[in-house]
Amino acid sequence: MVKPSKLDRLSDQVIKALLEKHDCPLRFHEVRARFMGNIATPDMAATPMREIKALWGGELPEFESTDEAQLLITGLMGGLWNGLSKHQSRRTPFHLMRIKAAPPSYEHLARLSKFRRQELDGFIEGLFAGKDYMEFPETAHRAVGNLAEIRAMMAGTYELCACPPAPASTDSLSETLKHIRELTRIAETEINTVIQSCKAARAHMLETYRAEKPDIVH
């Protein structure tokens, strides 16, 4: 896996600060996953600006100046969105965000499982592009179903670890951590399956549209 450069990390920090400054209801990892889902969506009417507005419920936040608005849009669209677009290539698959390692504990497991659940929620929300129903290619449809199951397992793990019924052994906590890591790996595989399947479907729809579009005689 290619490690992010210092510039990439700086860009992420700037975008995080912009989201906080403008009281975005979602945190950076949720926005990142949501954008990736919207980039992958088979909805041909989806646009970056519509998805950016959706972060604030459908309207952009209030700005003190035009420069302030431009900075936010440039950061989200020119920085984060365009950077995520490269993951449509098989050579650069999408990865969920890495979290700093910590000794196994109920607190760490709760934080990690909640973080992953939020990322999966974000990806699916972006993928459905604000709709309750979406037609997917068969391969993507199966992958979305698998992601829903993983999401449920992450949510269940969070509930258990946030309010543990009793003290657990280090071995038990370590096994749960391994389980979360394995689910993360599987989730990334399914997400990239969705991305590639929907990418092929959009290309097919465009080809069909061009073939059926009548020639215009001037």
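Whatever comes next refers back to the structure up there.
Just so it is clear, the model here is predicted, and its values are computed rather than measured.

A.B. asks: Got a sec to walk through the overall build of the protein chain? Specific residues and values, please.
C.D. replies: Tallying secondary structure elements over the protein chain gives seven helices and zero strands in all. The linear arrangement of helices and strands in the protein chain, starting from the amino end, is α-α-α-α-α-α-α. Its C-alpha atoms give the protein chain principal-axis dimensions of roughly 80 × 45 × 35 Å. Burial analysis of the protein chain (218 residues in total) assigns 38% to the buried set. Of the accessible surface of the protein chain, which amounts to about 13100 Å², a share of 55% is contributed by carbon and sulfur atoms. Here the protein chain carries 29 positive and 29 negative side-chain charges, and the mean point of each set is 7 Å from the other.

A.B. asks: Describe the side chain of His29, and please don't skip the residues or the numbers.
C.D. replies: Structurally, His29 can be placed in helix 2 (residues 28-40). Look at His29 and you get buried, because its relative accessible area is 3%. Within the structure, His29 has its side chain in polar contact with the side chain of Gln118 (distance 2.7 Å). Dropping the residues within four chain positions of it, His29 is found in contact with Met97, Phe115, Gln118 and Glu119.

A.B. asks: Before we move on, could you go through the packing of aromatic side chains and cite the residues and values that matter?
C.D. replies: Aromatic ring pairs are described here by two measures, namely the spacing of the ring centres and the angle between the planes. Enumeration over the complete set of coordinates arrives at two aromatic pairs. Aromatic side chains Phe128 and Phe136 sit 5.3 Å apart centroid to centroid with 70° between the ring planes, which places their arrangement in the edge-to-face category. Across the pair, exposure class does not vary: Phe128 and Phe136 are buried alike.

Calculation notes
- Residues numbered from 1 in each chain as written.
- Predicted model: local features only at pLDDT ≥ 70, side-chain atom pairs only at ≥ 80, totals over all residues.
- Heavy atoms only, no water.
- Helix = DSSP H or I, 4+ residues; strand = E, 2+ residues; numbered from the N terminus.
- Buried < 20%, exposed > 50% of the residue type's maximum accessible area, 1.4 Å probe, protein only.
- Areas by Shrake-Rupley, 256 points an atom, 1.4 Å probe, with all protein chains shown as cover.
- Lys, Arg positive; Asp, Glu negative; His and termini not counted.
- Charge placed at Lys NZ, Arg CZ, Asp CG, Glu CD.
- Polar contact = N/O pair within 3.5 Å; in protein donor to acceptor, adjacent residues only side chain to side chain.
- Contact = heavy atoms within 4.5 Å.
- Phe/Tyr/Trp six-rings, centres within 6.5 Å; stacked < 30°, edge-to-face > 60°.

Keep in mind these numbers describe shape, not what the thing actually does.
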